[in-house]
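Per-entry structural report
One-letter residues, chain by chain:
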Amino acid sequence: MNDHAPQPRQPALTAPKGAQRRGRTFLNPDGSIPGQPFQALWRMMREGKGQPWPERVANPPFPPPAPPPPGHAAVTFIGHASFLIRFHGGPTLLTDPIWSERCSPFRFAGPKRVRPPGLDFDALPPIDTVLLSHNHYDHCDIPTLKRLHRRFRPRILTGLGNASLLAKHGMKEVAELDWWQEAPLPQGGTARFLPARHFSARGLHDRAQSLWGGFAIAGPQGGRLCFTGDSAWGEHFWEIGARCGPFDLALIPIGAYEPRWFMQVVHVNPEEAVRAFLDLRARQALAMHFGTFKLTQEGIDAPETALRAAREAAGLAEERFRVPGCGETVLVPLGA
């Protein structure tokens, strides 16, 4: 498929809708109940851990991230869904920051980091705002957020229902957003919370009671970035592209997708990630959510291999949607 080929006609946009609830449970953008039932989780656990991963993988050496020149953003891949995003003259943002060794409620158990963070915590520049997509442990890491709060006191933008968790740990500079709501960023620009097909939970009794999503980021001097957060495939990608695009850069997950019968309702696979890229109307994309924590059954290299095949099938050049190195900084021309 050629990425310049005419796209199918889509329905006209109506007024954007915030998230809907059934009782205390938030629903997906298509109205479906989020996630899988608990009996499906037990079945997946009985299937086993899948392909083994190495104990540790070293990151390639990359130069320290430098401030971007005028007309650019500098985007540094920290690992998993964590990115350092810097606009010329500010603001400086972090997405879903996690520097902990495990993404788990426990320090002694749970998925353990295979790759170290691509940037040492002490090397971070001053952080103005944290963009927090949802409350899963691999995205909402309280130890890291507390370290950021002690050092920089950044404002946190997140979905409805997450402020109470953060306030328990001393973080009160929090703005909760519904889907399509917008918040200003320091030094100018905005961040708009975006719909996603996923779910939320910190334990057994709070499933889907806080909102999940992504962010459309508008720079203070122009340019647009998209951080999708976690999401399964859905028509919301087209709606995001139509309402908020085109984007100079999209940050799109490619990992944690097997077994497909279970994960298809919460995570895209690489083929669907390419479809999302096209629907988002992004000029360029960087992959995320792979190769740091073993969360599902595929091998550590499987997402990158599958992305290459999906990209070739869609007729996309590698530079349009590529896998960044952990610690790599990409300069993004804005509004080009």
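Residues numbered from 1 in each chain as written. Predicted model: local features only at pLDDT ≥ 70, side-chain atom pairs only at ≥ 80, totals over all residues. Heavy atoms only, no water.

1. Some details on the sheet that holds strand β3 (residues 72–79)
Read across the sheet, seven strands follow the order β8-β7-β6-β5-β4-β3-β16 without closing on themselves; strand pairing throughout is mixed. Looking at the sheet topology across the chains shown, the edges are occupied by β8 (174–177) and β16 (329–333). Strand-to-strand twist across the sheet, computed as the mean angle between neighbouring axes with direction ignored, equals 20°. Strand direction decides the pairing type here: strand β5 (residues 92–95) and strand β6 (residues 129–131), joined by three bridges, are parallel. Within β6, the position partnered with Thr95 by the bridge is Leu131. (Pairing = 2+ DSSP bridges. Helix = DSSP H or I, 4+ residues; strand = E, 2+ residues; numbered from the N terminus. Axes fitted to C-alpha atoms, helices over the stretch in contact; angles between N-to-C directions.)

2. Regarding the packing of helix α4 (residues 236–244) against helix α6 (residues 270–280)
It is at 7 Å that the axes of α4 and α6 come closest, and there the two elements cross at 25°. Between α4 and α6, the crossing angle belongs to the class labelled roughly parallel. In the packing of α4 onto α6, the handedness of the crossing is right-handed. When α4 is examined against α6, the residues Phe237, Trp238, Ile240 and Gly241 are found in contact with a partner set consisting of Ala276, Asp279 and Leu280. Tallied by class, the residues present in the contact of α4 with α6 amount to five nonpolar, one polar and one charged. (Parallel < 35°, antiparallel > 145°, perpendicular 65-115°, else oblique. Left-handed = near helix turned anticlockwise from the far one by under 90°. Contact = heavy atoms within 4.5 Å. Nonpolar A, V, L, I, M, F, W, Y, C, P; charged D, E, K, R; others polar.)

3. Quick look at the environment of Leu131
With respect to the helices and strands, the residue Leu131 is situated in strand β6. Residues Leu131 and Pro97, spaced 34 residues apart in sequence, show a C-alpha to C-alpha distance of 8.6 Å.

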